[in-house]
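# Chain and residue survey
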Amino acid sequence: MDPLIQALDIATGPVDPSGLPHLKDHSIGSLRTKLVEFGLPSYRADQIAGWLYRRGVDDPEAMTDLPADLRVHLASEWQTRALEVASVLRSVDGTIKAAFRTWDGEHIESVLIPERARNTLCISTQVGCPLACSFCATGALGFTRNLRTSEIIDQVCRMAEILAADDSPESARGITNVVFMGMGEPLLNLDAVLETIRLLIHPKAFALAPRRVTVSTVGVLPRLEPLLAVAPVNLAVSLHATTDAVRDQLVPLNRRFPLAELLDTLRGLETVTQRRPVFFEYTLIEGVNDSPEDAKRLAPLLAGIPSKLNLIPMNGHADSPMHSPDDATIDRFLRIVAGSGLFVSLRRSRGLDIDAACGQLALRHVARAAASVSTGAPPRWAR
Ligand code: SF4
C-alpha cells in the first residue's frame, strides 16, 4: 500500500462501548453473510434493508413481517440508528443544512439542495479532513476520524426524515441524487464509502441509479480504480489550478500526486474514458487561479479525458483570506474556456446564508471543543 495512504488511513476511531454490531454498517450482501453467522436465513437481510432504507423504520419491533424472535434478536443484539439530529438550518433559497451528532459526541454536516427536478444530498465521509486544502473551511478543522458506513448512510436516512416533515413541494420526490462532497476526502475512507454506494444503488435499499451518485476527490490516485470498479458512479475531481505551483498551495496532496500524474492516471482508466464525463471542479479565487492564461491552459490540460468543467466562484469563510473574483473576471474566464471547446458551466452557490455552500462546511453553529480545531499547519507529508 502507498505509504502516504497508509499514514492517512486512520482507523475509524474509538470502539463503540456497546460492542453491538450495526445493521447499517453492512451492504445487503455483507449483511446476508453476517446473518448466516448468527444462524439466521440470509434472505432476511433484504427484508431488513427494506424497512431501514425504503420505509425509513429503525425500530426492529416495528418490522412487522419479520418473525417475533428475529425482531427480539435485532433489538437486543444489533444497533440500528447511528446519528441524531443536532440542528437544522434552512436557507432562503430552499437549501437545508443539518448537523448530526455521532455516538461519541462528534458532529458532521449534510446539505440538501432542492433544484427544479431533483433533490441532491451532499454527504460527509470524515469528521473534519486531513488534507487541509487552503480554501476549504472543513480542511481548517483538522481531522478527527473516519465515519463508519452506518454514519454515512444514516445521513441519507435522517435527511429523508427531515425532508418528509417539510411541506415544501420538493419534499414529495424525496432524495433523488447523492454526492460525496461534504466533509472529508471520500477516498481516504474507501471501504465505508464502497459499502455506502452499494446501499445507495441496491434495489432493496435506496435504489438510486449509479448516475445519480457522484463521488468527489482531490486525487487519491491509488483509490480511483477500486472506486470505479464498484459501480458506474460519477467521478468529480477537484482540480482548482492549472499549474503544480498553484495547486501545491491550494491542495497540498498535489505535492504527492501532481497534476500530470493525476490526469495521466485518469486517461489510463477505461472506467473513466469509456463512461460519462468526469466533472472537474474549479474554484475561482481572485488573483490565484483566475487569469486568462489559466483559462487557456485548461483545454489542453484535460485533453483525452471526457470532461465537464464546473467553475465555482470561491465561497468565502472566516478561516481563509481568499475570495471570489469579480463578475467581469469570472465572465472573461468563462468565455475563454467555453471558446476553447470545453464543456463548462458556472455553478452558482446555494445556501450561502447558512454556510452550506461548497467549501463552507465547518460546524460553525455547533459548539466544538477547542482541542479539535487544528493549528492550520500543513499536513505532515506536505512540509
Ligand atoms: S476540499 Fe475536500 S479534501 Fe480538501 S480539505 Fe476540504 S474536504 Fe478535505
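The structure presented is a predicted model; accordingly, all values stated were derived computationally and were not measured. (Residues numbered from 1 in each chain as written. Predicted model: local features only at pLDDT ≥ 70, side-chain atom pairs only at ≥ 80, totals over all residues. Heavy atoms only, no water.)

## Let's talk about the overall build of the protein
A count of helices and strands for the protein gives 13 helices and twelve strands. Over its C-alpha atoms the protein spans a radius of gyration of 21 Å, differing by no more than 12% from the 21 Å that the globule rule assigns to 383 residues. With the C-alpha coordinates aligned to their principal axes, the bounding extent of the protein is approximately 70 × 45 × 40 Å. In the protein, which comprises 383 residues, the share counted as buried stands at 53%. Here the contacts in the protein between residues at least 6 apart in sequence split such that 69% fall between residues at least 24 apart. Per element, the accessible surface of the protein, about 15700 Å² overall, is 54% carbon and sulfur. Across the protein, the 40 positively charged side chains and the 44 negatively charged ones have centroids separated by 4 Å. (Helix = DSSP H or I, 4+ residues; strand = E, 2+ residues; numbered from the N terminus. Rg over C-alpha atoms; globule rule 2.2 N^0.38 Å. Buried < 20%, exposed > 50% of the residue type's maximum accessible area, 1.4 Å probe, protein only. Contact = heavy atoms within 4.5 Å. Areas by Shrake-Rupley, 256 points an atom, 1.4 Å probe, with all protein chains shown as cover. Lys, Arg positive; Asp, Glu negative; His and termini not counted. Charge placed at Lys NZ, Arg CZ, Asp CG, Glu CD.)

## Focus on the pattern of salt bridges
One pass over the structure, following the stated rule, counts 22 salt bridges. Between D104 and R145 there is a salt bridge, and its shortest N-O distance comes to 2.9 Å. Of this pair, D104 sits in the loop between β2 (96–101) and β3 (107–114) while R145 is found in strand β6 (residues 143–146), placing the two residues 41 residues apart along the sequence. Here D104 falls in the partly exposed class, since its relative accessible area comes to 25%. (Salt bridge = Lys/Arg side-chain N within 4 Å of Asp/Glu carboxyl O.)

## Thoughts on the nonpolar core
Here is a general trend for soluble globular proteins: nonpolar side chains tend to be buried in one another's company. If you look at the biggest cluster of nonpolar residues, it comprises 108 residues, and the most contacted ones within it are F180, L266 and F280. Residue-level mapping places this core at the junction of two domains, with at least three residues from each of domain 1 (20–77) and domain 2 (84–382). (Core = buried A, V, L, I, M, F, W, Y, C linked by side-chain atoms within 4.5 Å. Domains from an automatic or database assignment.)

## Digging into the packing of aromatic side chains
Inspection of the entire model under this criterion finds three aromatic pairs. Summarising the aromatic geometry, the rings of F38 and W78 are spaced 5.2 Å apart at their centres and angled 45 degrees between planes, so their arrangement reads as tilted. Residue F38 is located in the loop between α2 (28–37) and α3 (44–54), and its partner W78 is located in the loop between α4 (68–77) and β1 (84–90); the two are separated by 40 residues in the primary sequence. Relative accessible area serves as the criterion here: at 4%, W78 is assigned to the buried category. (Phe/Tyr/Trp six-rings, centres within 6.5 Å; stacked < 30°, edge-to-face > 60°.)

## Observations regarding helix α10 (residues 259–267)
Those residues of α10 not exposed but buried are L259, L262, L263 and L266. Around the axis of α10, the buried residues are gathered within 90 degrees of arc, so they sit on the same side. Those residues of α10 hidden inside the fold are in contact with α8 (224–230), β9 (234–238), α9 (244–250), α11 (270–273), β10 (278–284) and α12 (292–302). (Arc of directions from axis to C-beta.)

## Brief notes about the side chain of N254
Summarising the element assignment, N254 is placed in the loop between α9 and α10. A polar contact is formed between the side chain of N254 and the backbone nitrogen of L259, at a distance of 3.3 Å. Residues within four places of N254 in sequence aside, it is in contact with D244, R247, D248 and L259. (Polar contact = N/O pair within 3.5 Å; in protein donor to acceptor, adjacent residues only side chain to side chain.)

## Description of unusual backbone geometry
Not every positive phi belongs to a glycine, and A132 is a case in point at roughly 55 degrees. One non-glycine residue, A207, adopts positive backbone phi at about 55 degrees. As for its placement among the helices and strands, A207 is situated in the loop between α7 (190–201) and β8 (213–217).

## Some remarks on the domain arrangement of the protein
Accessible area lost on assembly of the parts is the figure often given for the size of an interface. Structurally, the protein comprises domain 1 (20–77) and domain 2 (84–382). Spacing between the C-alpha centres of domain 1 and domain 2 amounts to 32 Å. Listed as interface residues are 16 residues of domain 1 and, on the opposing side, 17 residues of domain 2. Both faces combined, the contact of domain 1 with domain 2 buries some 1200 Å², and carbon together with sulfur accounts for 51% of it. Among the residues of domain 1 in contact with domain 2, K24, D25 and Y53 are the three that bury the most area, contributing 43% of the side total. One can count four salt bridges joining domain 1 with domain 2. Here domain 1 is connected to domain 2 by six residue pairs in polar contact (both at pLDDT 80 or more). Secondary-structure elements contributing two or more residues to the side of domain 1 that touches domain 2 are α2 and α3. (Buried area = accessible area lost by both parts, 1.4 Å probe.)

## What to know about α12
Buried within α12 we find D294, A295, L298, A299 and L302. Angular distribution of buried residues about the axis of α12 spans 140 degrees; they occupy a single face of the element. Facing away from the buried side of α12 by over 90 degrees, the exposed positions are K296 and P300. Looking at the buried side of α12, the elements it contacts are α10, β10, β11 (307–313) and α13 (327–339). Positive phi appears at G304, one or two residues downstream of α12, with a value of about 90 degrees.

## Observations regarding the pairing of β11
Counting buried positions over the seven residues of β11 gives six, a clear majority of the element. In terms of strand pairing, β10 meets β11 through seven bridges, oriented parallel. Across the sheet, residue V278 finds its bridge partner in β11, namely S307. For the crossover from β10 across α12 to β11, the handedness is right-handed. Pairing of β11 with strand β12 (residues 344–346), which is carried by three bridges, proceeds in the parallel orientation. Note on β12: the bridge partner recorded for N310 is S345. (Pairing = 2+ DSSP bridges. Right-handed = clockwise from strand over helix to strand, strands pointing away.)

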